[in-house]
Amino acid sequence: MHLSLTIKKHKMFNKIPENMRKAIFLMLILLSSLNLTATVYTVTSASNSGAGTLRQAINDANASTATPHVIRFSAALSGGVNSINITADLPEITRPVSIEGYTNAPAGLTARAISNRTALPVRIRFTSGAYLFGFASGSSNSSVSGIDFIVESTSSGAVAIYKGAESNASNIHIWGCSFNYDYINNTRYASAGTGSFFIGLYGQVGSNKVSNTSNWFIGAKNAGTEYYEGNLIAHGEVYDAVRLINVDRITVSGNYFGVKKDGLTALRSGYAGITGINTVNVNQCVFGVYNASANGVEYQKNIFAGFASAVQICENYETGTFPFSDYTQYYRRGSNKVSGNYIGVNKNGLPANTLSNSSGITLLGTSYNTIGGNSNHERNYINYATYGISLAASTYPYDRGAPTRPSYPVEYSEMMNNYIGVGINGEGSIVDGANTIGIMLGQNGGLLPTANKNLDVSSFNTIENNIIANSTNDGIRIQQTAQNAGYKTYNKITRNRFYNNTGRGIELRCASLNN
């Protein structure tokens, strides 16, 4: 309406014959009142391509400028029985689109808490190709829900949810889905692709130290519906369950990693040589509780079992650059938060050795991160790991074949209010040992190259108000070895409670002073 009034007042408008002026004015009023709505595309065929397929629905949505779009599935494909079979990469998504698996689901398969699911309404089996849903530039403000992903592709790095480094795609929500979980037998799919993982987000960080990829929610997001927004994510065979590289403000919350839907039982015995959430150069991300005052805070917690590391944050530092592929990345502070997670602990907060991980939370060459928090809802519960929390300089420069590039330390991070080696009540003994070492500073899981061995620095970190108990070795160890001879200085250890650790409460194994 404002446009029509502006034109009517313009002096050139008055030179047009009166009858034409009236016609133009009425047309502008009509256009200003139109409410253009996006088209709903319904998938009716389980085939890989052709009319009515998921592939065609994405192509149609990409071709239309009336957004946001909605892709739904017919009732025949929404009963949790039939599989949509994808045998090649789907088209990248280039428009905002909501892919809604729950819309036409029968009453028994509507959105509900993970433990109450008997199946998910729409099953997509991905047998060949690099990615299933790829979010490209133009796809911001999209969502995916109610999909049972079965990733069987053997292509190296095949992924169900993918976002490439060059594209700009933010504000995307992945919720109420599962990845390689067999609801009939309550196990992971043994036929999972040997080269696959499940969610991979790659961004670029420019000289302003801001990524082109931000504000994704994987799992819980919305107040009042957190309880049914979590994803159930099984183990892959080779790659991490969730991989985040050069991204900002990603929240991973309310998900089950490597745990059956009952929240009590691991999907595999022992642990796989993969990570639950693995990150490189991420900023202001939250893994676990993001709103400790919300009524649904219990549904923001992630549960982890059977991983080499439940959460690993790598290579965030204030200065420096490195070449990554064909462009330069800029380092920045981490400022990430890992809070309110159950690691080696079931959904009831009870430690269980069947839910073990090799390491609980690992920081490698990253700064200004928080593990835990001020409130009780933000504390992590960590049990049955070699290291409950591990801090060390990054090994990535050496692993990438660049031994002369500086290794970055772990600095200015806080570990506060966590329960390490105990359950939700914060007390009691665990006969077979909760963790080998509660918190380790200086163990990087590998040797730094000779040129960098003196840079294995863990300094200016704070370990405060934690309970550290039942370790089969030390409660806290600050370690220096001949291979990793860097300084561990000015770390503050205060107001922690230690009991029933076989070794010392605090063990200082370094020549440096001022801890």
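About the cut-offs
- Residues numbered from 1 in each chain as written.
- Predicted model: local features only at pLDDT ≥ 70, side-chain atom pairs only at ≥ 80, totals over all residues.
- Heavy atoms only, no water.
- Patch = residues over 30% accessible without salt bridge, like charges linked within 9 Å, V, L, I, M, F, W, Y side chains within 5 Å.
- Areas by Shrake-Rupley, 256 points an atom, 1.4 Å probe, with all protein chains shown as cover.
- Salt bridge = Lys/Arg side-chain N within 4 Å of Asp/Glu carboxyl O.
- Helix = DSSP H or I, 4+ residues; strand = E, 2+ residues; numbered from the N terminus.
- Buried < 20%, exposed > 50% of the residue type's maximum accessible area, 1.4 Å probe, protein only.
- Core = buried A, V, L, I, M, F, W, Y, C linked by side-chain atoms within 4.5 Å.
- Contact = heavy atoms within 4.5 Å.
- pLDDT = per-residue confidence, 0-100.
- Phe/Tyr/Trp six-rings, centres within 6.5 Å; stacked < 30°, edge-to-face > 60°.
- Lys NZ or Arg CZ within 6 Å of the ring centre and 35° of its normal.

A. Summary view of a nonpolar patch on the surface. A grouping of Tyr412, Phe460 and Tyr490 is seen on the molecular surface, where their side chains present a nonpolar patch of about 300 Å² in accessible area. Topologically, Tyr412 is positioned in the loop between β32 (410–411) and β33 (414–416).

B. The pattern of salt bridges, seen in detail. Summed over the entire model, instances satisfying the criterion amount to eight salt bridges. Its salt-bridge partner being Arg72, residue Glu100 comes within 2.9 Å of it at the nearest N-O pair. Pair noted here: Glu100 is in strand β4 (residues 97–100) and Arg72 is in strand β2 (residues 69–73), with a separation of 28 residues, a long-range link. Look at Arg72 and you get partly exposed, because its relative accessible area is 28%. The salt bridge partner of Arg495 is Glu464, with a shortest N-O separation of 3.1 Å. Taken together, the positions of Arg495 in the loop between β40 (492–494) and β41 (497–499) and Glu464 in strand β37 (residues 462–464) put the pair 31 residues apart, joining distant regions of the chain. The class of Arg495 is exposed, set by a relative accessible area of 56%.

C. Geometry of the nonpolar core. Counting residues in each nonpolar core, the largest one holds 73 residues, and the members touching the most others are Phe133, Phe149, Ile161 and Phe179. With residues up to four places along the chain from it excluded, the contact list for Phe179 reads Phe149, Ala160, Ile161, Ile174, Phe198, Ile199, Asn231, Leu232, Ile233 and Ala234. Within the second largest apolar cluster, 25 residues are counted, among which are Tyr183, Ala234, Ala266 and Leu267.

D. Spatial organisation of the confidence of the model for the protein. Summarising the model, the protein shows a mean pLDDT of 84, and 80% of its residues fall at 70 or more. Of the regions scoring below 50 in pLDDT, residues 1–10 engages in eleven contacts with residues more than four places distant in sequence or in other chains. For residues 30–35, every residue scores under 50 in pLDDT, and the model assigns this stretch one contact once sequence neighbours within four places are set aside.

E. Here's a closer look at the packing of aromatic side chains. Summed over the entire model, instances satisfying the criterion amount to 19 aromatic pairs. Residues Phe460 and Tyr490 carry aromatic rings whose centres are separated by 5.3 Å and whose planes lie at 5 degrees to one another, so their mutual orientation is stacked. Placement of the pair is Phe460 in the loop between β36 (458–459) and β37 and Tyr490 in the loop between β39 (476–479) and β40, with a sequence separation of 30 residues. Phe460 sits in the partly exposed class, given a relative accessible area of 34%. In this structure Tyr490 comes out as partly exposed when scored by relative accessible area, which is 46%. An aromatic cluster is defined as three or more aromatic residues linked by ring pairs; in this entry it consists of Tyr102, Trp175, Tyr227, Tyr228 and Tyr299. Above the plane of the ring of Tyr189 lies Arg125, whose end atom (NZ or CZ) is 5.9 Å from the centre.

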